[in-house]
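Tertiary structure, described
So the chains spell out like this:
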Amino acid sequence: MQNKKDILFPLLIYTIISVGSIFSTGGFENVHMTTDFNHYHSFWHEYTNLKLSDLSNNIYDSSSKANWLPNPFYSIIALFPITIFGSATLLKFIGFSLGCLYLKLLSDLNIKLNTKFDFWKLNIFLLIICSNRWFIKESIGLGSVFLSTLFFILGIKISKNIYKSIFFTFAILCRPNFILFFLPFSLIILIKDLFNRKSLSKISKSFILPLIIYPFWYFFIDSNYPGSQINYLFLTESQGIDFAHEAFTEVLKLYTDFEIPDSLLYWELNLTNFFKILFSHISIICSLIQIFILKLFAFLGMRFEYAFLQKYSSFWQISELWISLHFLIFILPGFMFTFIFMLFTRKDSLEFIIYFSSLFYSISNSMLIGDPRYAILVIPVFVYSFLNGLTKLRNSTN
């Protein structure tokens, strides 16, 4: 039986890193620990008629406004401490508390999923996760990726079916790209149940509500993102690989007859024209594959330009170095081990489904936008694979 004291050390380290991060980035009242804060915050001012806090009004008056519809569900559940209560400290306290809950849930899943981690391996597992800068930033700032991940794990952990459905639905409503993990995860389990059991299991039934809701949510909310969303396949800006933008744009303009905009973010590119451009010249195909590789490395945590361009304190520069080492030592090997384990794991096992869904999510996300905070959802899988891979390598040499 797992003792609650088993995770006290990872929680202590998470607390120390969290407090250090808060004080090194402006203190408890700094609102920009929340990624894209101004965008989501504007929802309260532009789409509600509520009386909001003085802090919220002052921030809105002096900040940039949303260029497209902010996610209403996430904006409401994450930013109410600021908009209603006028306290960024409250937001950070809630985020920190949920971060502790997240680590506790992961340790509980050690038993539920029978990962067979002993005391030391469990602590190392949690320490690697809580030392990831994007987990720290997203949890303290109540980021959308963190909340989506938390809701998903709650859906896995909780036993009552109606609550499973609700938490899975919340995960989908929080983050548009969560569907890239949830769709293969849920469909494989549903298909497996129908073919093997001839009936739906408890967890399969909990997938029905979120899968029904998602198309409507996409149509009314998530489809409001700029561009056609196919254009993100060509996008290289704001991912640490801006150096590729000018060169790739020149290749597109040189080998196609299409008008290529200076900024690809708002490009209304349809699927037909995408394939026409893609197959215009071998240089475009090769360039796009290389861009995908760069995005994948950025997704996993490689900083590229951002390792040098962020103008913060010495603490932040140290964190830039650490996140690069974290990527190189833990996440990249974990990603590779996950791929290997997927190939040699029984295809009807839950372990295979988790491996496959994690890789599908990573690869499909990286084809669109290579943002390391998106990896928070699958980092536990990669860290598990990393530790499991090291164990198997050690056993094979004995």
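Note: the structure precedes this text.
Anyway, here's the lowdown on the structure attached to this text. (Residues numbered from 1 in each chain as written. Predicted model: local features only at pLDDT ≥ 70, side-chain atom pairs only at ≥ 80, totals over all residues. Heavy atoms only, no water.)

Per the secondary structure count, the chain includes 18 helices and zero strands. Relative to its length of 398 residues, the chain is compact, with a C-alpha radius of gyration of 22 Å against a globular reference of 21 Å. The principal-axis extents of the C-alpha atoms in the chain amount to approximately 60 × 55 × 45 Å. With 398 residues in all, the chain has 54% of them scored as buried. Across the chain, contacts joining residues at least 24 apart in sequence account for 75% of those joining residues at least 6 apart. (Helix = DSSP H or I, 4+ residues; strand = E, 2+ residues; numbered from the N terminus. Rg over C-alpha atoms; globule rule 2.2 N^0.38 Å. Buried < 20%, exposed > 50% of the residue type's maximum accessible area, 1.4 Å probe, protein only. Contact = heavy atoms within 4.5 Å.)

If you trace the backbone, Thr-391 turns up in helix H18 (residues 379-397). Within the local environment of Thr-391, its side chain forms a polar contact with the backbone oxygen of Leu-387, the two atoms lying 2.9 Å apart. (Polar contact = N/O pair within 3.5 Å; in protein donor to acceptor, adjacent residues only side chain to side chain.)

Once that is clear, we can look at the packing of helix H16 (residues 314-344) against H18. Where H16 meets H18, the axes come as close as 7 Å, and the angle between the chain directions of the two elements is 80°. Here H16 lies roughly perpendicular to H18, going by the angle between them. Residues Ile-329, Phe-330, Ile-331, Pro-333, Gly-334, Phe-335, Phe-337, Thr-338 and Phe-341 of H16 form the contact with H18, whose participating residues are Ile-379, Val-381, Phe-382, Val-383, Ser-385, Phe-386, Asn-388, Gly-389, Leu-390, Lys-392 and Leu-393. Of the residues that constitute the contact of H16 with H18, the class distribution is 14 nonpolar, five polar and one charged. (Axes fitted to C-alpha atoms, helices over the stretch in contact; angles between N-to-C directions. Parallel < 35°, antiparallel > 145°, perpendicular 65-115°, else oblique. Nonpolar A, V, L, I, M, F, W, Y, C, P; charged D, E, K, R; others polar.)

Moving on, we come to the pattern of salt bridges. A full pass over the atoms with the stated rule returns eight salt bridges. Residues Arg-373 and Glu-138 are paired through a salt bridge, measuring 3.7 Å at the closest nitrogen-oxygen approach. Taken together, the residues span a long stretch of sequence, with Arg-373 in the loop between helix H17 (350-368) and H18 and Glu-138 in helix H7 (residues 133-140) at a distance of 235 residues. One exposure class covers both Arg-373 and Glu-138, and it is buried. (Salt bridge = Lys/Arg side-chain N within 4 Å of Asp/Glu carboxyl O.)

Checked against the element boundaries, Ser-366 lands in helix H17. Classification of Ser-366 as buried rests on a relative accessible area of 0%. From its side chain, Ser-366 meets the backbone oxygen of Ser-362 in a polar contact 2.7 Å long. If sequence neighbours within four positions are ignored, Ser-366 has contacts with Phe-292, Lys-295, Leu-296 and Phe-299.

Turning next to a nonpolar patch on the surface. On the surface, Ile-208, Ile-212, Phe-216, Tyr-218, Phe-219 and Phe-220 cluster together into a nonpolar patch covering about 660 Å² of accessible area. Along the chain, Tyr-218 falls in helix H11 (residues 202-220). (Patch = residues over 30% accessible without salt bridge, like charges linked within 9 Å, V, L, I, M, F, W, Y side chains within 5 Å. Areas by Shrake-Rupley, 256 points an atom, 1.4 Å probe, with all protein chains shown as cover.)

By themselves these figures say nothing about function.
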